[in-house]
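# Structural overview
The lines below spell out each chain.
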Amino acid sequence: MEIAVKEQILAVVTVYPEKVQGNFGVFITKNDQESQQLALLLSRILKAMVHNLENGVYIIVKH
Amino acid sequence: MDKYSQIILLGIAAGIVARVFMLRNDYRSYPSYPHGYVTHISLGIIAAALGSIAIPALLEKEFTAVTFLVLAAQQFRDIRNMERETLSKLENYNMVPRGFDYIEGIAKTFEARNYLVMLVSLVSSGTAVFFNIWIGIFAGLFTIFISGFLMRGDFVKDIAIVKIGELHFERSLLMVDNIVIMNVGLEDSKKRILKEGLGLIIHPKNDNARATLNNLGQRQAILHDVSVLVGSKLETGEPDWTPLMRKDIDTGKLALYILPNEKDVECVIQAVYQTPILESAVQKPLESKIGRKAAD
């Protein structure tokens, strides 16, 4: 049986770490392009979805 | 030959014909494997035998024979459990799951089909006893036809109109016309969705249809059938391509998003139309006074 954490933020990818607070795995990047690339890799590794919060912060969530 | 032998054989034959007739191998691909056929035809034969001996047994004042029908009913209820269990177990490895409502519907159908087989056998052997064998054959065929007609059930085409919708993004929100589907973060995914994805709008014909399509099980059944019929590019670990349905809360119309293998709008629309309406999803608010009053 597969057990996974669902409907929770698994990781955060952002250029602006100051916008994120709390106990998350935050990946800090240099620019949006790097964020996109990192978010893509994380989503494939975690089998989860990338959501854009439209303020430079991307979250990875498994649904 | 014993006076009832022919009649019982006729009843059994009519029952088997009915079961084979009902065992259509359709796109739901269930049961699509030889062993599934064997199981269901064997049980069909048992049902047919039970149905066809009932009336001759009564005429011979063998009342205990009739109690076997009760045992049979118990036996056939197990079929429902069997189907439910099998399909539920397979569900975990389905790319786009059927959903429990659909599974329950399939299981219920398989159970009911055995009762229909019993009915066909009962009618054909009964009429053969009281009239003659030819009328028995005719009555059996007629019952098969009637049961097929009555058990047909509705399809989405009976309760809704499907039109193509415009798939577009409002910043990171994927939308079909004015209905939000989901938030997509990756730019590459967005480009691909716009290029290869399809958006449909399902307009319910009335408030009954609106309530029925509101059921999540019904929506999942539509998504499953569309994915089976036209294929979906969904891959494990790539949830951006998950086919989804969302409702416009003001009008009750539904938006469907899918990334099909072939971007053929007409085929996708037909696939939606052909999805059966699940018994468990059907709601009829318009049948009530309050529902009718609220609808206008």
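Nothing here was measured: the structure is a model prediction, and the numbers come from that model. (Residues numbered from 1 in each chain as written. Chains lettered and ligands numbered in written order. Predicted model: local features only at pLDDT ≥ 70, side-chain atom pairs only at ≥ 80, totals over all residues. Heavy atoms only, no water.)

### Describing the domain arrangement of chain B
All names here are of chain B. On domain assignment, one finds that chain B holds domain 1 (5–150) and domain 2 (156–295). The centre of domain 1, based on its C-alpha atoms, is set 35 Å off from the matching centre of domain 2. Counting from both sides, the interface comprises 11 residues of domain 1 and, opposite them, 20 residues of domain 2. Where domain 1 meets domain 2, there are one salt bridge. When the shortest N-O distance is used, the salt bridge between E279 and K108 registers 3.6 Å. (Domains from an automatic or database assignment. Contact = heavy atoms within 4.5 Å. Salt bridge = Lys/Arg side-chain N within 4 Å of Asp/Glu carboxyl O.)

### Section: the sheet that holds strand 4 (residues 57–61) of chain A
Residue and element names in this part refer to chain A. With mixed pairing, four strands are arranged side by side in an open sheet as 2-1-4-3. A strand with exactly one partner marks an edge of an open sheet, and here the two such strands are strand 2 (26–28) and strand 3 (49–52). For this sheet, the mean angle separating the axes of adjacent strands, direction not counted, is 25°. (Pairing = 2+ DSSP bridges. Helix = DSSP H or I, 4+ residues; strand = E, 2+ residues; numbered from the N terminus. Axes fitted to C-alpha atoms, helices over the stretch in contact; angles between N-to-C directions.)

### Topic: the packing of helix 3 (residues 63–91) of chain B against helix 4 (residues 100–130) of chain B
Residues and elements named next belong to chain B. Between helix 3 and helix 4, the shortest axis-to-axis distance is 9 Å and the interhelical angle comes to 150°. As far as their axial angle goes, helix 4 and helix 3 are roughly antiparallel. Of the two elements, helix 3 crosses helix 4, and the hand of that crossing is right-handed. On the side of helix 3, the interface is formed by L69, A72, A73, F76, R77, I79, R80, E83, R84, L87, S88 and E91, while helix 4 contributes F100, I103, E104, I106, A107, K108, F110, E111, N114, Y115 and M118. In the contact of helix 3 with helix 4, the residues fall into 13 nonpolar, two polar and eight charged. (Parallel < 35°, antiparallel > 145°, perpendicular 65-115°, else oblique. Left-handed = near helix turned anticlockwise from the far one by under 90°. Nonpolar A, V, L, I, M, F, W, Y, C, P; charged D, E, K, R; others polar.)

### Observations concerning the packing of aromatic side chains
This model, assessed by the stated rule, comprises two aromatic pairs over all chains. Summarising the aromatic geometry, the rings of F76 of chain B and Y115 of chain B are spaced 6.1 Å apart at their centres and angled 85° between planes, so their arrangement reads as edge-to-face. Separated by 39 residues along the polypeptide, F76 of chain B in helix 3 and Y115 of chain B in helix 4 bring together distant segments of the chain. Relative accessible area serves as the criterion here: at 0%, F76 of chain B is assigned to the buried category. When the ring centre of Y16 of chain A is taken as origin, the NZ or CZ atom of K19 of chain A, which lies over that ring, is 4.4 Å away. In this arrangement the basic side chain of K157 of chain B is found over the ring face of F155 of chain B, its NZ or CZ atom lying 4.8 Å from the centre. (Phe/Tyr/Trp six-rings, centres within 6.5 Å; stacked < 30°, edge-to-face > 60°. Buried < 20%, exposed > 50% of the residue type's maximum accessible area, 1.4 Å probe, protein only. Lys NZ or Arg CZ within 6 Å of the ring centre and 35° of its normal.)

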